[in-house]
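# Structural overview
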Amino acid sequence: MGKIIAIANQKGGVGKTTTTVNLAASLGVLEKKVLLIDADPQANASSGLGIDVDGVAIGSYQVLEHSNTPQEAVMKCSAPNVDVIPAHIDLVAIEIELVDKENREYMLKEALASIKDQYDYILIDCAPSLGLLTLNALTAADSVVIPIQCEYFALEGLGKLLNTIKSVQKLHNPDLDIEGLLLTMYDSRLRLSNQVVEEVQKHFNDMVFKTIIQRNVKLSEAPSFGESIINFDATSKGANNYLSLAEEIIKKNS
């Protein structure tokens with residue numbers, strides 16, 4: 001039975017897509033079968049794994065619409081053991097189109113029921129908002145990873161997200177769990193980075209992953225080559241960080 005993990009934070013630029021892509025690739029390298037679902041209209045997770053987004057005929061939009069099955073939307077990508085349900089700019093319209101639908105929050109959950117058993121992990125890259133797309137991801141997910149940037153405004157908006165998770169637990173998905181808070185873009189030379197780490201660890205204790213994702217040039221370069229950090233430079237700090245995170249998640253779920 002696959003575990004569905006949403007990677008969510010309504011703040012943009014915190015490393016959600018970087019985390020989804022590289023965590024998927026790291027789990028794949030550790031011989032887990034992974035499905036990455038791109039639920040962000042910007043489609044960066046799809047292009048970050050070498051998929052030509054303009055050529056996507058069936059993707060997460062059609063899956064959410066229930067006009068195609070997830071099996072029909074699955075594509076191969078540049079990372080071993082990783083399949084992708086890509087996004088397309090069309091996904092922008094889904095929020096409006098789902099508004100009148102019955103059980104609109106459950107569209108993704110219902111769609112994934114038929115494919116869940118075929119993977120060890122299903123990762124959902126959420127859009128930087130708390131709209132219907134993210135709500136669908138949280139309703140479908142077993143747990144959520146929350147990336148937090150090691151910067152001044154890091155904790156701003158976290159309360160809002162935790163409240164959203166609480167209301168999803170209450171209304172739609174009582175089993176939704178927080179997989180962990182992931183500190184990203186950490187720079188050990190900056191006092192501020194260290195303060196944010198201390199603050200988050202103090203407030204959230206065991207909810208924080210031991211792995212911290214450090215700032216790394218290679219991590220920023222990899223997507224422009226359509227590759228994960230594992231394919232792009234397996235010896236880099238970024239690759240080590242994400243492999244360590246994957247090991248932590250596997251250990252937690254074994």
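First things first, this report covers the structure right here in the doc.

Thresholds, definitions, all that
- Residues numbered from 1 in each chain as written.
- Predicted model: local features only at pLDDT ≥ 70, side-chain atom pairs only at ≥ 80, totals over all residues.
- Heavy atoms only, no water.
- Salt bridge = Lys/Arg side-chain N within 4 Å of Asp/Glu carboxyl O.
- Helix = DSSP H or I, 4+ residues; strand = E, 2+ residues; numbered from the N terminus.
- Buried < 20%, exposed > 50% of the residue type's maximum accessible area, 1.4 Å probe, protein only.
- Pairing = 2+ DSSP bridges.
- Contact = heavy atoms within 4.5 Å.
- Axes fitted to C-alpha atoms, helices over the stretch in contact; angles between N-to-C directions.

Right, let's talk about the pattern of salt bridges for a bit. Side-chain pairing between opposite charges can occur once the charged atoms of the two side chains come close. All told, the structure shown has nine salt bridges when counted by the stated rule. Asp83 is paired through a salt bridge with Lys33; the nearest N and O atoms lie 3.8 Å apart. Highlighted residues: Asp83 in strand 4 (residues 82-85) and Lys33 in the loop between helix 1 (16-29) and strand 2 (34-39), separated in sequence by 50 residues. The exposure class of Asp83 is buried, given its relative accessible area of 5%. Judged by relative accessible area, Lys33 falls into the partly exposed class, the value being 39%. Across the pair Lys218 and Asp233 runs a salt bridge, and its minimum N-O distance is 4.0 Å. Taken together, the residues span a long stretch of sequence, with Lys218 in helix 10 (residues 217-221) and Asp233 in the loop between helix 11 (229-232) and helix 12 (237-253) at a distance of 15 residues. Linked by salt bridges that have partners in common, Lys33, Lys76 and Asp83 make up one network.

Now for the sheet that holds strand 3 (residues 75-76). Reading across from one edge, 3-4-2-5-1-6-7-8 is the order of the eight strands in this open sheet, with mixed pairing throughout. Lying at the two open borders of the sheet, with one neighbouring strand each, are strand 3 and strand 8 (208-214). Pairing between strand 3 and strand 4: two bridges, direction antiparallel. Of the residues in strand 4, the one forming a bridge with Lys76 is Asp83. Across the sheet, helix 1 is in contact with strand 1 (3-7), strand 2, strand 4, strand 5 (121-126), strand 6 (143-149) and strand 7 (177-186); its angle to strand 5 comes to roughly 165 degrees.

Right, let's talk about unusual backbone geometry for a bit. Even without a glycine there, the phi angle at Glu31 is positive, about 65 degrees. Considering the arrangement of structural elements, one finds Glu31 in the loop between helix 1 and strand 2. Unlike most non-glycine residues, His66 shows phi in positive territory, near 65 degrees. As for its placement among the helices and strands, His66 is situated in the loop between helix 3 (60-65) and helix 4 (70-73). Note on His66: relative accessible area 37%, which makes it partly exposed.

No statement about biological role is implied by the geometric values presented.
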